[in-house]
Amino acid sequence: MITSYNFKILIVDDDPDILDILSFNLTQAGYIVNTAINGKLAIAQAQKDIPHLILLDVMMPVMNGVEACYIMRQNSMLDNTIITFLSARSEDYSQIEGFNAGADDYIAKPIKPKLLLLKIESLLKRLPLNTVNSTLSIITFKNILINKQNHTVTINHQNINLTRKELELLALFLSNPGKVFKREEIFKAIWSHDVIVGDRTIDVHIRKLREKIGDDILVTIKGIGYKIEA
């Protein structure tokens, strides 16, 4: 299971009070939050940060949300970004305009923070798994937690000291629990930029990794590769 931490959310609204309230609640929930006060600034911020989700108001100065949504949907870098309007305008034609511009959803204001958080969690589940795994620095699976940014691993809330390669190996296996990773696939993912690696490199690192995390977590598929039991 992937945690909600380190999902990036861009909030776009010209009301500073709304920005403050939403930013506080989303940050408290573990999201990385950026803000913009109009559509033009939102486009620049989105191109810079490539957020996972954008909460976009409709009526704003300089550039409204519908126009901004349409422009952002022309940017292939934002193909996997979820865009949802968060607007007090709930008329049918406003919602139709939003969906025609490329929005994924339309949420009516006002909305209670707890309900909005649940709605955001639901929207983020639409993200492709490979998009989530490639951008998040925190991964959890059963009793294991990896923080790639801080280079820390805990199992049953106990810190485990792993080398960089050992952590990369564990993160690779946890990116798709149940999948058998072939040796060639592991070499390419972990050692592709290293000039010289021996034939026994994987075996040595797997052995050391097992000594630290336990033999029962990582399974050998004889003659093929390794996997984490789902």
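To be clear, the structure that these remarks concern was listed above.
Each chain carries its own residue numbering, running from 1 in the written order of its sequence. pLDDT decides what is reported in this predicted model: residues at 70 or higher carry local features, side-chain atom pairs at 80 or more are listed and counted, and totals for whole chains, interfaces and linings draw on all residues regardless. No hydrogens and no water enter the side-chain calculation; it runs on all heavy atoms of the structure.

1. Some details on unusual backbone geometry
In this structure, the amide linkage connecting Lys 109 to the following residue, Pro 110, adopts the cis form with an omega of -10°. Think of it this way: any DSSP run of H or I at least four residues long counts as a helix, any run of E at least two long counts as a strand, and we number them from the N terminus. Note that Pro 110 resides in the loop between strand E5 (105–108) and helix H5 (113–124). Backbone geometry places His 157, a non-glycine residue, at a positive phi of 70°. Summarising the element assignment, His 157 is placed in the loop between strand E8 (152–155) and strand E9 (158–160).

2. Description of the side chain of Thr 84
Here Thr 84 lies in strand E4 (residues 82–87). We call two residues in contact whenever any of their non-hydrogen atoms come within 4.5 Å of each other. Discounting chain neighbours no more than four positions away, the residues touching Thr 84 are Leu 53, Ile 54, Leu 55, Leu 56, Asp 105, Tyr 106, Ile 107 and Leu 123.

3. Points about the pairing of strand E11 (residues 218–221)
Looking at chain direction, E11 and strand E12 (residues 225–228) are connected through four bridges and run antiparallel. From the neighbouring strand, Leu 218 faces E12, where its bridge partner is Ile 228. If DSSP finds at least two bridges between two strands, the strands pair.

4. Overview of the environment of Lys 227
Tracing the chain through its elements places Lys 227 in strand E12. It is 6.9 Å that separates the C-alpha atoms of Lys 227 and Pro 177, two residues lying 50 residues apart in sequence. Sequence-distant contacts of Lys 227, that is, excluding residues within four places in its chain, are made with Gly 178, Lys 179, Val 180, Ile 217, Leu 218, Val 219 and Ile 221.

5. Observations regarding the packing of aromatic side chains
Only centres within 6.5 Å qualify two rings of Phe, Tyr or Trp (six-membered ring in Trp) as a pair; their planes then separate them into stacked at under 30 degrees, edge-to-face at over 60, and tilted for everything else. Under the defined criterion, the tally for this structure stands at three aromatic pairs. With centroids separated by 5.7 Å and ring planes inclined at 35°, the aromatic side chains of Phe 85 and Tyr 106 adopt a geometry described as tilted. You can see Phe 85 sitting in strand E4 and its partner Tyr 106 sitting in strand E5, a full 21 residues away along the chain. This pair shows no difference in class: Phe 85 is buried, exactly as Tyr 106 is. An aromatic cluster is built from Phe 173, Phe 181 and Tyr 226, whose rings are joined through pairwise contacts. Only protein chains enter the calculation, and the probe is 1.4 Å; a residue is then buried if its accessible area is under 20% of its type maximum, exposed if over 50%, and partly exposed in between.

6. Overview of empty space enclosed by the protein
Two kinds of site are reported from a 1 Å grid over the protein atoms alone, namely cavities, where a 1.4 Å probe fits but cannot get out, and pockets, open sets with protein on both sides within 12 Å along at least five of seven lines, and residues are called lining when an atom falls within 4 Å of a point. Grid points are joined across faces, edges and corners, and a volume is the space filled by probe spheres set on the points. Per the counting criterion, the structure on display carries one cavity of 30 Å³ or more. There is about 30 Å³ of room inside the largest cavity. Residue lining of the largest cavity: Lys 8, Ile 9, Leu 10, Asn 34, Gln 45, Ala 46, Asp 49 and Pro 51, and that is the complete set.

7. Quick word on the pattern of salt bridges
Whenever a carboxyl oxygen of Asp or Glu lies within 4 Å of a side-chain nitrogen of Lys or Arg, that contact is scored as a salt bridge. Tallying each qualifying case throughout the model produces 12 salt bridges. Of the charged contacts in the structure, one is a salt bridge between Glu 168 and Lys 165, with a shortest N-O distance of 3.8 Å. With Glu 168 and Lys 165 both in helix H7 (residues 164–174), this residue pair falls three residues apart, about one helical turn. We classify Glu 168 as partly exposed; its relative accessible area is 26%. In this structure, the salt-bridge partner of Arg 207 is Glu 211, at a minimum N-O distance of 3.3 Å. Of this pair, Arg 207 and Glu 211 both sit in helix H9 (residues 201–213), four residues apart, which is roughly one turn of the helix. You can call Glu 211 exposed: its relative accessible area is 58%. Taken together, the salt bridges that share partners define one network made up of Asp 13, Asp 57 and Lys 109.

8. Quick look at helix H1 (residues 16–28)
In this model, H1 (13 residues) spans 18 Å end to end at C-alpha, consistent with the 18 Å of a helix rising 1.5 Å per residue. Against strand E1 (8–12), strand E2 (32–36), strand E3 (53–56), E4 and H5 lie the buried residues of H1. Counting of polar contacts relies on pairs of N or O atoms within 3.5 Å, with two restrictions inside protein: one atom must be capable of donating a hydrogen and the other of accepting it, and residues adjacent in sequence are counted only when both atoms are side-chain atoms. Here H1 starts with a cap whose side-chain oxygen sits 2.9 Å from the backbone nitrogen of Asp 17, and that cap is Asp 15. A positive phi of about 105° marks Gly 30, the residue just after H1. What a helix is expected to span follows from its residue count: subtract one and scale by 1.5 Å.

Remember that the coordinates give geometry; whether it matters functionally is a separate question.
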